[in-house]
Amino acid sequence: MLISGGMGLRAYVYVDGFNLYYGAVKGTPYRWLNPVALVRQLVPTKYSIDRLKYFTARVSGASDPSAPVRQKLYLDALGTVPEIEIHYGRFLAKTIWRPIVNFPVAGATINSPVATSLPDGTHIVTGGSLAAPSSLVVGTYPPRGGRRRKSSAAPLPDALVSEVHAMEEKGSDVNLAAHLLNDAWKGVFDEAVVLSNDTDLCEPIRMVAVERNLPVLVICPGRWPMAKDLQRVATFKAHIRAPMLARAQFPNPIPGTTIHKPATW
């Protein structure tokens, strides 16, 4: 059920860009997405979409040098929509040491004086800095594009550790929450629309819905169920479906510009 109301009601939309990307469009033909056209399908026509605030960060080219180029083209496309404001967080690139819980190399050959292939299972590890024999779990990778099975296993106190490259997006959820609360207290909208499945947004959504008595429509990107905590604080709920994405694509090229959809998407 969606909210209804009189004419002239204003909706402000808050989009978690990375949550939308990973939750709805990654790996699909729908990445050339106009978020205003998408949300328009879920908000009653009695509401005008006065503003759509899109929260993202400029990606790094460390692992994919073409990623920043593709992102810039998409951000340029967003910039052609009058209702859209883009707000930037940042990416923090770092290397960190982490204990290994699962070492998924099953079926791969380990380079050693004698060729070795490790099957699934738990293997004893000795030597190095370990004071006593330890164990290392070997598993398999999920299919490409699949969701990894979560493991509840805690690393052993003397677990092997590995130095890994990590990219951490900082600021988008905080910026979204700040804008949502500030706009609600300024009274600039009659309904807020939050497009995210991030439970970090539960408290600001609850504050707007309960303390300001303003309805909040939470839109789940659709690839996974909406988080239960978000369901509890949302006034209204909706899911994005593939046909909605298909109907909300930018033209290619965008009329009046030289902006084209990236060829490799």
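Let me sum up the structure you'll find in this document. (Residues numbered from 1 in each chain as written. Predicted model: local features only at pLDDT ≥ 70, side-chain atom pairs only at ≥ 80, totals over all residues. Heavy atoms only, no water.)

Thoughts on the overall build of the chain
To be explicit about the condition: Helix and strand definitions follow DSSP, with helices as H or I runs of at least four residues and strands as E runs of at least two, each counted in order from the N terminus. Relative accessibility decides the category of a residue: with a 1.4 Å probe and only protein chains considered, values under 20% of the type maximum give buried, values over 50% give exposed, and everything between is partly exposed. We call two residues contacting when some pair of their heavy atoms lies within 4.5 Å. Only the protein chains shown count as covering a residue, and every accessible area follows the Shrake-Rupley method with a 1.4 Å probe.
For the chain, the count of helices and strands is seven helices and twelve strands. Across the 265 residues of the chain, 38% fall into the buried class. Long-range pairs, those at least 24 residues apart, make up 73% of the contacts in the chain between residues at least 6 apart in sequence. With an accessible surface of roughly 14800 Å², the chain has 55% of that area assigned to carbon and sulfur atoms.

Structural notes on the packing of aromatic side chains
Geometry of an aromatic ring pair is reported as the spacing of the ring centres plus the angle between the planes. The line we're drawing: Whether two aromatic rings pair depends on their centres lying within 6.5 Å, for rings of Phe, Tyr and Trp, where Trp uses its six-membered ring; planes under 30 degrees apart make the pair stacked, over 60 edge-to-face, and the rest tilted.
Counted under the stated rule, the structure contains eight aromatic pairs. Ring plane angle 40 degrees and centroid distance 6.0 Å describe the contact between Tyr 12 and Phe 189, whose orientation is recorded as tilted. Note that Tyr 12 is positioned in strand E1 (residues 9-16) and Phe 189 in the loop between helix H4 (172-186) and strand E10 (191-195), a separation of 177 residues in sequence. Per residue, the accessibility class of Tyr 12 equals that of Phe 189, and both read buried.

Observations concerning the nonpolar core
This is how it is decided: We define a nonpolar core as any set of buried Ala, Val, Leu, Ile, Met, Phe, Trp, Tyr and Cys residues linked to one another through side-chain atoms lying within 4.5 Å.
In terms of nonpolar packing, the biggest core is built from 37 residues, with Leu 38, Val 39 and Ile 219 touching the most fellow members. Residues in contact with Ile 219, not counting those within four places in the same chain, are Val 39, Leu 42, Val 193, Val 194, Leu 195, Ser 196, Met 226, Ala 238 and Ile 240. The next biggest cluster of nonpolar side chains, apart from the first, holds 25 residues, and it includes Tyr 14, Val 216, Val 218 and Leu 230.

Comments concerning the environment of Trp 97
Of note, Trp 97 is situated in strand E4 (residues 90-99). Taking the relative accessible area as the measure of exposure, Trp 97 reaches 52% and is therefore exposed. Here the alpha-carbon distance between Trp 97 and Ala 166, two residues 69 residues apart in the chain, equals 9.9 Å.

Thoughts on the pattern of salt bridges
The criterion, for reference: Salt bridge, as applied in this entry: a Lys or Arg side-chain nitrogen positioned within 4 Å of an Asp or Glu carboxyl oxygen.
According to the stated counting rule, one finds nine salt bridges in the structure shown. Asp 190 is the salt-bridge partner of Arg 10, the closest N and O atoms lying 3.2 Å from each other. In this pair, Arg 10 is assigned in strand E1 and Asp 190 in the loop between H4 and E10, connecting sequence segments 180 residues apart. When its relative accessible area of 28% is taken as the criterion, Arg 10 is described as partly exposed. Across the pair Asp 76 and Lys 72 runs a salt bridge whose closest N-O atoms are separated by 2.9 Å. Separated by four residues within a single helix, Asp 76 and Lys 72 lie in helix H3 (residues 67-78), roughly one turn from each other. Because the salt bridges share partners, they merge into one network encompassing Lys 53, Asp 183 and Lys 186.

A word on the pairing of strand E12 (residues 236-239)
Here is the rule: A pair of strands is treated as paired once DSSP finds two or more bridges between them. Handedness is read with the strands pointing away from the viewer; a crossover is right-handed when the path from the first strand over the helix to the second is clockwise.
Where burial is concerned, the two faces of E12 differ: the one with Phe 236 and Ala 238 is buried and the one with Lys 237 and His 239 is not. Relative to E12, strand E11 (residues 216-220) runs parallel, the two being bridged by four bridges. Looking at E12, one finds that Val 218 is bridged to Lys 237. Handedness of the crossover is the feature at issue here: the chain leaves E11, passes through helix H6 (residues 228-233), returns alongside E12, and the resulting connection is right-handed.

Focus on the side chain of Arg 31
The condition that has to hold: In this tally, Asp and Glu contribute negative charge and Lys and Arg positive charge; neither His nor the terminal groups of the chain are included. By the criterion applied in these results, polar contacts are pairs of N or O atoms within 3.5 Å in which, for protein atoms, one can donate a hydrogen and the other can accept it, and in which residues neighboring in sequence qualify only through two side-chain atoms.
Summarising the element assignment, Arg 31 is placed in the loop between helix H1 (17-25) and helix H2 (35-40). It is Asp 64 that comes nearest to the buried, bridge-free Arg 31 among opposite-charge side chains, at 8.4 Å. Looking at Arg 31, its side chain comes within polar contact range of the main-chain oxygen of Thr 28, at 3.3 Å. When sequence neighbours within four positions are dropped, the list of residues in contact with Arg 31 reads Tyr 21, Val 25, Tyr 74, Gln 249 and Trp 265.

Brief notes about the sheet that holds E10
Put simply, the test is: Between the N-to-C directions of two axes lies an angle of 0 to 180 degrees, each axis being a line fitted to C-alpha atoms and, for a helix, fitted only over the stretch in contact.
One open sheet accounts for six strands, arranged E3-E2-E1-E10-E11-E12; its pairing is parallel. Only two strands of the sheet have a single partner each, and these edge strands are strand E3 (84-88) and E12. Taken over all neighbouring pairs, the strand axes of this sheet differ in orientation by 20 degrees on average, direction set aside. Relative to E3, strand E2 (residues 47-56) runs parallel, the two being bridged by five bridges. Residue pairing in the sheet places Tyr 54 in a bridge with Ile 86 of E3.

Section: H1
Listed in full, the buried residues belonging to H1 are Gly 17, Phe 18, Leu 20, Gly 23, Ala 24 and Val 25. Note on H1: the residue one or two positions beyond its end, Gly 27, has a positive phi of about 80 degrees.

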